[in-house]
Structure formats: C-alpha cells, structure tokens
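Commentary on secondary and tertiary structure
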Amino acid sequence: MPTKTRPTEKLKPSAKIAWRKVADEAVILNTETAAYYSLDGAGLRIWELLSEGRSIEEIVGTLADEYDASSEVLRRDALDLLSNLRKEKIVEPA
Amino acid sequence: GKKPYKKPQLSKHGVLSIVE
C-alpha cells in the first residue's frame, strides 16, 4: 500500500535523482530507471524548496506567500504531489 | 501581489535510452 505523506514530514530528493532547472521547469532524471519527469509552476517551487531541506509545512507557508490560493488548497495539492513523487521513488524521507 | 495558482502536476516523459 502506498505510504501517505504527512504535513510534518521532511522529504528530500532521492539519492538516485539528478535534476536541473531548465527555463521554468525542473527536469528530473531517475538514474536507476532512466525515467525522466518535469515539474513547472508551483511544482517547480515545491521541488526547489524540498531540495533546500524545507519541511512540508514550511513549503506550504512559502507557497501561501507567493501564490493566490488558500493554505488548505496548497497543503492538499502539495501532499498529493509529494505522494506521487514518493510513488515514483523521486523523493525519500530526509 | 501573488502569482496565479494552478495545481502542480508531475509530468512523466518516458525513459531515456542510451545509444552507443
């Protein structure tokens, strides 16, 4: 069963991940499976903050300052995205 | 003073193949 991501958790890019910011996107490569992905907009911002070692709650707080959406919506969407990143083995517990 | 928000989505583009 997939692990549910909790708001208090800290996640980090997995050791097998290589990524670069290209224009306004994060291009992410899983060096083990050779699968590649991209994130843009708020997804890119979440990824940058995650890479800086921020917790999910800190990320939601930063997004709330920058984006025109409520904290509830931002938290729900961030957790959805992080669960997806976890399922694809792009992030792991910090 | 805020950016318009759109739900973030992970886009998967496929698997890279190495050509020797």
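As a reminder, the structure under discussion sits directly above these lines.
To start, this report covers the structure provided alongside it.

Moving on, we come to the interface of chain A and chain B. Contact residues are listed per partner, giving 26 residues for chain A and 15 residues for chain B. Around 1,800 Å² of area is buried between chain A and chain B when both sides are counted, 61% of it from carbon and sulfur atoms. Of all residues in chain A, Y36(A), Y67(A) and D77(A) give up the largest surface area on contact with chain B, accounting jointly for 28% of the area buried on that side. Linking chain A with chain B are three salt bridges. Note that D77(A) is salt-bridged to K7(B), the shortest N-O span being 3.8 Å. Linking chain A with chain B are ten residue pairs in polar contact (both at pLDDT 80 or more), by the criterion used here. Mapped onto the side of chain A that touches chain B, the elements with two or more residues apiece are β4 (35-40), α1 (42-51), α2 (56-66) and α3 (71-87) of chain A. With seven residues, the top contributor of residues to the side of chain A that touches chain B is α3(A). Taken together, the residues that form the side of chain A that touches chain B break down as 16 nonpolar, four polar and six charged.

Take the environment of V27(A) next. Residues and elements named next belong to chain A. Note that V27 resides in strand β3 (residues 25-30). Take V27: its relative accessible area is 30%, and that puts it in the partly exposed class. Excluding its chain neighbours within four sequence positions, the residues that come into contact with V27 are A18, W19, R20, V22 and Y37.

Residue and element names in this part refer to chain A. Where burial is concerned, the two faces of β3 differ: the one with A26, I28 and N30 is buried and the one with E25, V27 and L29 is not. With six bridges connecting them, strand β2 (residues 17-22) and β3 associate as antiparallel partners. Counted as the bridge partner of R20 is V27 from β3. The turn joining β2 and β3, which pair antiparallel and follow one another in sequence, is formed by two residues; a positive phi near 55° is taken by A23. Where β3 folds back on β4, the antiparallel hairpin that results is connected by four residues, among which A34 adopts a positive phi of roughly 65°.

In this structure the tally under the stated criterion is two aromatic pairs over all chains. Measuring from ring centre to ring centre gives 5.9 Å for W19(A) and W47(A), while their planes differ by 90°; the resulting arrangement is edge-to-face. With W19(A) in strand β2 and W47(A) in helix α1, the pair connects residues that are 28 residues apart, well separated along the chain. By relative accessible area, which is 25% here, W19(A) ends up partly exposed. Under the relative-accessibility criterion, W47(A) is labelled buried at 0%. Consider the rings of Y67(A) and Y5(B), whose centres lie 6.0 Å apart with planes at 75°: the pair is edge-to-face. Taken as a pair, Y67(A) in the loop between α2 and α3 and Y5(B) in the segment before β1 (11-15) lie in two separate chains rather than in one. Residue Y67(A) is classed as buried on the basis of its relative accessible area, which comes to 6%.

Thresholds, definitions, all that
Residues numbered from 1 in each chain as written. Chains lettered and ligands numbered in written order. Predicted model: local features only at pLDDT ≥ 70, side-chain atom pairs only at ≥ 80, totals over all residues. Heavy atoms only, no water. Contact = heavy atoms within 4.5 Å. Buried area = accessible area lost by both parts, 1.4 Å probe. Salt bridge = Lys/Arg side-chain N within 4 Å of Asp/Glu carboxyl O. Polar contact = N/O pair within 3.5 Å; in protein donor to acceptor, adjacent residues only side chain to side chain. Helix = DSSP H or I, 4+ residues; strand = E, 2+ residues; numbered from the N terminus. Nonpolar A, V, L, I, M, F, W, Y, C, P; charged D, E, K, R; others polar. Buried < 20%, exposed > 50% of the residue type's maximum accessible area, 1.4 Å probe, protein only. Pairing = 2+ DSSP bridges. Phe/Tyr/Trp six-rings, centres within 6.5 Å; stacked < 30°, edge-to-face > 60°.

Just geometry here; none of it tells us what the structure is for.
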